[in-house]
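Commentary on secondary and tertiary structure
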Amino acid sequence: MKYRPEDPRNSNSDRFIMSKGHAAPALYSMWVETGFLKESELLSLCQVDSSLEGHPNPKQQIVDVATGSLGQGLGVACGMAYTGKYFDKSSYRVFCLLGDGEMSEGAVWEAMSFASYYQLDNLVAIMDINRLGHVTLHPCSTTWNAIVVDGHSVEELCKALSQPRHQPTAIIAKTIKGKGIPAAEDKLGWHAKTLPKDMAEMVTKDLQSRIMNNSKHLYPPSPIATRKAYGMALAKIGRYNERVVVLDGDTNNLTCSDIFKNEHPNRFVECYIAQQNMVSVAMGCAARERNVVFASTLAAFFTRAYDQLRMAAISECDINLCGSHCGLSTGCCYIRTSRQDSAIIYNSNEDFHVGEAKVVYQGKDDQVTVVAAGVTLHEALAAAEHLKKERISVRVIDPFTIKPLDVKTIIDNTRATRGRILTVEDHYYEGGLGEAVSSALINEPGLNQVRLAVSHVPRSGKPHELLKIYGIDRDSIAQSIRKMLSSSTNAK
Ligand SMILES: Cc1ncc(C[n+]2csc(CCOP(=O)(O)OP(=O)(O)O)c2C)c(N)n1
């Protein structure tokens, strides 16, 4: 590649897009090699005040577009290559690195057709074929110049990259994932996992690498992440109902649907990284009430299946969707689960009903009702405990479902706390819990709602740091309550 590290946005430089954005640490290490970054900065990876986030993003000077949601990089690379060839009429080249898993995404094939149609001979797609994802060949690949190389051989790669070009180039780089780490080499199940301490030490010794061990126990006895509770519950209902089937989009170790997969492998359908297709497949599985279907992926990735979800809703399709890392009824049901462990609030005999909220914390002379869900419910409980020491008594409600919302419980409790209500959500201000409560209160005179929610696009960091930065942690909740009370005293 031709570029100047001291002038990363120079318009004549070659471009690079790491479509497999999860490999950002490798990209950052390359920047160290080129002198763009200091080696010591690598140790700040994913820290809340570091620019080295978990995935590349344009806050980093050398990155043009954010990647990480797989399958989108090649389309962006096509736009750059088209601009280079037809608008700028310049000689810069565009390189895009893809994983074979992400090549299941239809968008990759749309981009390939685009590149061949417009003869983007300045475009090079490097496909990291480690065979732990799945790739199908498509007819349009014949209009690309495909070169197969050993992806670990710098010499073969250099030769391929310097070949004359008349078409878009696809370098099919045969690789072995985890190469050099005997226990993980070429094995499934190591993706996105931190190495346990003993392995990390061994690897550090063997390779003199800079692998950091952040080992944490995998099976916490008491607090439990809701995503893990989801997987365990799926496995359990799978034992009693043979019609329960589970789909996932190559994220089963993240959504925890792997717990079901391990127990009922014949009823687990791996849809790979093709979430739109996964929702369509879920609809087909659920049709004519043949199966009780659960489909999971990271919440962010369901957004690309909006149209399929819309059609599922129109079809009155009875499918259950679970978006992790971030309702129940006939028809589509959507459950949110969180990444980190949380304390257990209810015992296993607790009865839940759709549309019925729970008052989870209550005192004698409560002055504010707090409505919170998921991680913010725990923060609200911690804030309530803290405020008790200041003789401020608050009531905390878990809405359980947001749609339908238990309007009566919310209004009755708000009235009982002198009309004061605070909503706190790990979500944007728009379209979530706060707005649902606002709509419920709209015709109720004398009730005063204050809202805490996320107002900026989030970044990487530890959960407690992020809750603080975005103002939805226990301290922010306590502070808002104090403010509500002092302003109503002043008003009097
Ligand atoms: C649209 C989307 N779906 C799922 C994920 C979660 N995810 C991150 S990496 C990964 C595996 C990617 O496999 P592959 O493209 O082959 O990359 P490699 O094995 O080379 O790391 C998955 C499923 C994601 N980032 N984006």
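The preceding data block contains the structure.
Residues numbered from 1 in each chain as written. Predicted model: local features only at pLDDT ≥ 70, side-chain atom pairs only at ≥ 80, totals over all residues. Heavy atoms only, no water.

Some details on the site of the ligand
For the record, the criterion: Proximity is defined per residue: any heavy atom of the residue falling within 4 Å of a molecule or strand makes that residue near it. As used in this structure description, the phrase polar contact means that two N or O atoms lie within 3.5 Å; if the pair is within protein, one of them must be able to donate a hydrogen and the other to accept it, and residues adjacent in sequence are counted only when both atoms belong to side chains. The accessible surface values rely on the Shrake-Rupley method and a 1.4 Å probe; as for residues, cover is taken only from the protein chains in view. Each residue receives one of three labels: charged for Asp, Glu, Lys and Arg, nonpolar for Ala, Val, Leu, Ile, Met, Phe, Trp, Tyr, Cys and Pro, and polar for the others, Gly being one of them. Per the annotation, domain bounds derive from an automatic or database assignment of domains.
Taken together, 20 residues sit near the ligand, with K20, H22, G68, G101 and K177 positioned nearest. For the ligand, an oxygen atom lies 3.0 Å from a polar atom in the backbone of E102. N130 is positioned such that a nitrogen or oxygen atom in its side chain is 3.1 Å from an oxygen atom of the ligand. Taking 590 Å² as the accessible area of the ligand by itself, protein coverage stands at 94%. Per-class residue counts for the shell around the ligand are 3 nonpolar, 9 polar and 8 charged. Both of domain 1 (15-174) and domain 2 (224-341) provide at least three residues apiece to the shell around the ligand.

Describing the nonpolar core
Put simply, the rule is: Residue types Ala, Val, Leu, Ile, Met, Phe, Trp, Tyr and Cys, when buried and joined through side-chain atoms within 4.5 Å, form a set referred to as a nonpolar core. Buried residues are those whose accessible area, probed at 1.4 Å on protein chains only, stays under 20% of the maximum for their type, while exposed residues exceed 50% and partly exposed ones sit between those limits. Under the DSSP-based scheme used, a helix requires at least four consecutive residues in state H or I and a strand at least two consecutive residues in state E, with every element numbered from the N terminus. The contact rule is simple, with two residues in contact once any of their heavy atoms fall within 4.5 Å.
Among the nonpolar cores identified, the biggest contains 28 residues, and V368, V370, V396, L422, V424, I477 and I481 are the most heavily contacted of them. The dominant element in this core, judged by the number of residues it contributes, is helix α12 (residues 375-389), at 7 residues. Once residues lying within four places of it in the same chain are set aside, the contact partners of L422 are V368, T369, V370, V371, V450, R451, L452, I477, S480, I481 and M484. Counting 24 residues, the second largest nonpolar core, distinct from the first, contains I17, A77, M103 and M127.

What to know about the side chain of E105
Relative to the assigned elements, E105 resides in the loop between β2 (94-99) and α3 (106-117). Engagement of the side chain of E105 in a polar contact is seen with the side chain of R304, the distance being 3.2 Å. With sequence-adjacent residues up to four places away left out, E105 is seen in contact with L70, G71, I273, A274, Q275 and R304.

A word on the sheet that holds strand β9 (residues 292-298)
The cut-off we apply is this: Criterion used throughout: strands pair if DSSP finds at least two bridges between them. Every axis in this analysis is a line fitted to C-alpha atoms, fitted for helices over the stretch in contact. Angles between the N-to-C directions lie between 0 and 180 degrees.
Taken in spatial order, the 5 strands of this open sheet run β8-β7-β9-β10-β11, and their pairing is parallel. At either end of the open sheet lies a strand with only one pairing partner, and these are β8 (268-270) and β11 (333-336). Each neighbouring strand pair of the sheet contributes to a mean axis angle of 20 degrees, computed without reference to strand direction. Looking at chain direction, strand β7 (residues 244-248) and β8 are connected through 3 bridges and run parallel. The residue bridging V246 from the neighbouring strand is F268, located in β8.

Let's talk about the pairing of strand β10 (residues 319-324)
Successive side chains on a regular strand alternate, one facing one side of the sheet and the next facing the other. In terms of burial, β10 is a largely internal element, 6 of the 6 residues being buried. Every second residue of β10 is oriented toward a common face, with I319, L321 and G323 on one face and N320, C322 and S324 on the other, all of them buried. Direction of pairing for β9 relative to β10: parallel, over a ladder of 6 bridges. Looking at β10, one finds that L298 is bridged to S324. Pairing between β10 and β11: 4 bridges, direction parallel.

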